[in-house]
Amino acid sequence: MAQSMSFFFLIGLLAFAPLCFSAKTSGGSLYPQYYYRSCPKAQEIVKSVVAKSVAKEARMAASLLRLHFHDCFVKGCDASLLLDSSRGIVTEKRSNPNRNSARGFEVIDEIKSALEKECPQTVSCADILALAARDSTVLAGGPNWEVPLGRRDSRSASLSGSNNDIPSPNNTFNTILTKFKRQGLGLVDLVALSGSHTIGNSRCTSFRQRLYNQSGNSQPDSTLDQSYAAQLHNRCPRSGGDQNLFFLDFVSPTKFDNSYFKNLLASKGLLNSDQVLITKSQASLALVKQYAENNALFFEHFAKSMVKMGNISPLTGSTGEIRKNCRKMN
C-alpha cells in the first residue's frame, strides 16, 4: 500500500472513544447503507473483483490498501489519485510516493466497469477505493469493518500535495506524526495504520540508506539487525537494483497479522519509517509492544483507524461528481 502512520501523553488514553460509523461532513453524512437502494449489489461486486485479483496475485491486497491511504492523505478521500493527466490536471501518479510504485489501478477500473453496468453513475470511485481497501484487508486475514459510504469524486488532483503530504519512508518520526496530525489523525492511528506493512513489498530504493553509510561502506543503520541487513545486501546493492522488491514483513508477507510489530522489536523493520516507531517515541514503543503481544487489539485499533482515515475531508452532497471512468472527469 502503504507508511506511517501534544497527541497521547498517557498510555491510559490509548483506548479509542466509541466508534461511530456515520461521519458528519460539511455536505452530509457517510454511512454504510448509502447504496442499499440505489445499488444494492455494490459491495458484493467490489468484493468479487477484489477477491479475483488477490487470488491471482496476493500482493494486490497491499497495493489496493495503499491506494486508499495515498488518496486520502491528499485533498481527502476523493479519488483524486485515480485521475490521469489531462487538460488542467497533472496526475498524482507522477509524485515521488506514487511513481513506479502505486499500482492496482486496473483493478479499480474493472470494479468501476462492473458497477457502471449494474447501476450507472451511482457508486463513486472514492467509495470503491474505501471498499477495496477493506476487502483486501479481510482477504489477507485481517479485521473486518463497516465502511461509511457516500463520498463523491474530485474534479482536480494535486501533485504537490501528493509529494508533500504523504509520509515518506525516510521521514523522521516527528515529520510523519505531523503529517498525520494535519489529517486529524493521532499517534494511535499512526502506529496502527503502520501495521498495514504486515503485507506488501518495498523497493530497494526506499530503504537503501539504512544499509550503507554516506561513504558507501556496508555499515548498516545501528537500529537494524546485522544479520537481517546482511540478507538485504544481497539484492539491494550500493547502486543499481532500485526496483528490486522486498517483503515489508519477511515472517508472514501475505498474511495480515501482528508479526510486523514483532519484527520491529527485533530490530528487523525494513523502512526507517517503521523502525522509528520504537526508537523515537516511548508512547509509540508502548503501542508497538501492545500490538506485538495482542493481535486482537491491533485488529481493533486498525479497523477504527481505517474508518477514521476514510473520513478525511470527503466530498458529499452536490460537491464533486460521480465519475463514469475513474481515470478522468465526466
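What you see is a predicted model; the values in this text were computed from it and never measured.

### Quick word on the packing of helix H11 (residues 282–293) against helix H12 (residues 295–310)
If you want to describe how two helices pack, look at the angle between their axes and the distance between the axes.
Moving on, step 1. Where H11 contacts H12, the axes come no closer than 5 Å and their chain directions differ by 115 degrees. Where H11 abuts H12, its residues Gln290, Tyr291 and Glu293 lie against Asn295, Leu297, Phe298 and His301.
Moving on, step 2. Split into classes, the residues belonging to the contact of H11 with H12 amount to 3 nonpolar, 3 polar and 1 charged.

### What about the UniProt feature "binding site: Ca(2+) 1" (unreviewed entry) in the protein chain?
Moving on, step 1. As annotated by UniProt and renumbered to match this structure, "binding site: Ca(2+) 1" (unreviewed entry) occupies Asp71, Val74, Gly76, Asp78, Ser80 and Glu92. A compact arrangement is adopted by the annotated residues: their sequence extent is 22 residues, whereas the largest C-alpha distance between any two is 13.1 Å.
Moving on, step 2. With respect to the helices and strands, the residue Asp71 is situated in helix H2 (residues 60–72).
Moving on, step 3. In this structure Asp71 touches Gly76, Cys77, Asp78, Ala79, Ser80, Leu81 and Leu129, once residues within four positions along its chain are discounted.
Moving on, step 4. For Val74, the location among the structural elements is in the loop between H2 and helix H3 (105–118).

### Considerations on helix H4 (residues 125–139)
Moving on, step 1. End to end, H4 covers 21 Å across 15 residues, agreeing with the expected 21 Å (1.5 Å per residue, within 8%).
Moving on, step 2. Most of H4 sits inside the fold, with 13 of its 15 residues counted as buried.
Moving on, step 3. Looking one or two places after H4, you find Gly141, whose phi comes out positive at around 100 degrees.

### Section: the state of the cysteines
Moving on, step 1. For the structure on display, the rule yields 4 disulfides.
Moving on, step 2. Paired by a disulfide, Cys39 and Cys119 hold their sulfur atoms 1.9 Å apart. Here the disulfide of Cys39 and Cys119 is left-handed, its torsion about the S-S bond being about -50 degrees. Of the two residues, Cys39 sits in the loop between strand S2 (28–30) and helix H1 (42–56) while Cys119 sits in the loop between H3 and H4, which places them 80 residues apart along the sequence. Per residue, the accessibility class of Cys39 equals that of Cys119, and both read buried.
Moving on, step 3. A sulfur-sulfur separation of 2.0 Å characterises the disulfide bridge that pairs Cys204 with Cys236. Judged by the sign of its S-S torsion, about 80 degrees, the bond between Cys204 and Cys236 is right-handed. Of this pair, Cys204 sits in the loop between strand S3 (201–203) and helix H8 (226–233) while Cys236 is found in the loop between H8 and strand S4 (245–247), placing the two residues 32 residues apart along the sequence. In this structure, Cys204 and Cys236 share a single accessibility class: buried.
Moving on, step 4. The cystine pairing of the protein chain, numbering bonded cysteines in sequence order, is 1-4, 2-3, 5-8, 6-7.

### Some thoughts on the UniProt feature "active site" (unreviewed entry) in the protein chain
Moving on, step 1. In the numbering adopted here, UniProt assigns the feature "active site" (unreviewed entry) to His70.
Moving on, step 2. Along the chain, His70 turns up in helix H2.
Moving on, step 3. Discounting chain neighbours no more than four positions away, the residues touching His70 are Leu81, Pro97, Asn98 and Ile166.

### Structural notes on the pattern of salt bridges
Moving on, step 1. Inspection of the entire model under this criterion finds 14 salt bridges.
Moving on, step 2. Across the pair Lys93 and Asp84 runs a salt bridge whose closest N-O atoms are separated by 2.5 Å.
Moving on, step 3. Asp242 serves as the salt-bridge partner of Arg208, at 2.9 Å between the closest nitrogen and oxygen. Taken as a pair, Arg208 in the loop between S3 and H8 and Asp242 in the loop between H8 and S4 lie far apart in primary sequence, 34 residues in all.
Moving on, step 4. Classification of Arg208 by relative accessible area gives buried; the value is 14%.
Moving on, step 5. Overall, Asp242 belongs to the partly exposed group, its relative accessible area being 34%.
Moving on, step 6. Via salt bridges that share partners, Asp84, Lys93, Asp109 and Arg327 belong to a single interconnected network.

### Observations regarding the packing of aromatic side chains
Moving on, step 1. Counted by the stated rule, this structure contains 17 aromatic pairs.
Moving on, step 2. Consider the rings of Trp145 and Phe302, whose centres lie 6.1 Å apart with planes at 70 degrees: the pair is edge-to-face. With Trp145 in the loop between H4 and helix H5 (159–165) and Phe302 in helix H12, the pair connects residues that are 157 residues apart, well separated along the chain. With respect to class, Trp145 is no different from Phe302; both count as buried.
Moving on, step 3. By way of ring pairs, the aromatic residues Trp145, Phe256, Tyr260, Phe261, Tyr291, Phe298, Phe299 and Phe302 are connected into one cluster.
Moving on, step 4. Positioned above the aromatic ring of Phe246, the side-chain terminus of Arg235 is 4.7 Å from the ring centre.

### Some words on H1
Moving on, step 1. The terminal C-alpha atoms of H1, which comprises 15 residues, lie 22 Å apart, in line with the 21 Å expected from a rise of 1.5 Å per residue.
Moving on, step 2. Listing the buried residues of H1 in full gives Ala42, Ile45, Val46, Val49, Val50, Ser53 and Val54. Buried residues of H1, seen end-on, are gathered within an arc of 155 degrees and therefore sit on one face of the element. Summarising the geometry of H1, the exposed residues directed more than 90 degrees from the buried face are Glu44, Lys47 and Ala55.

Criteria and cut-off values
Residues numbered from 1 in each chain as written. Predicted model: local features only at pLDDT ≥ 70, side-chain atom pairs only at ≥ 80, totals over all residues. Heavy atoms only, no water. Axes fitted to C-alpha atoms, helices over the stretch in contact; angles between N-to-C directions. Helix = DSSP H or I, 4+ residues; strand = E, 2+ residues; numbered from the N terminus. Contact = heavy atoms within 4.5 Å. Nonpolar A, V, L, I, M, F, W, Y, C, P; charged D, E, K, R; others polar. UniProt positions renumbered as here; feature names shortened; annotations may be inferred. Expected span 1.5 Å × (residues − 1). Buried < 20%, exposed > 50% of the residue type's maximum accessible area, 1.4 Å probe, protein only. Disulfide = S-S within 2.5 Å. Salt bridge = Lys/Arg side-chain N within 4 Å of Asp/Glu carboxyl O. Phe/Tyr/Trp six-rings, centres within 6.5 Å; stacked < 30°, edge-to-face > 60°. Lys NZ or Arg CZ within 6 Å of the ring centre and 35° of its normal. Arc of directions from axis to C-beta.

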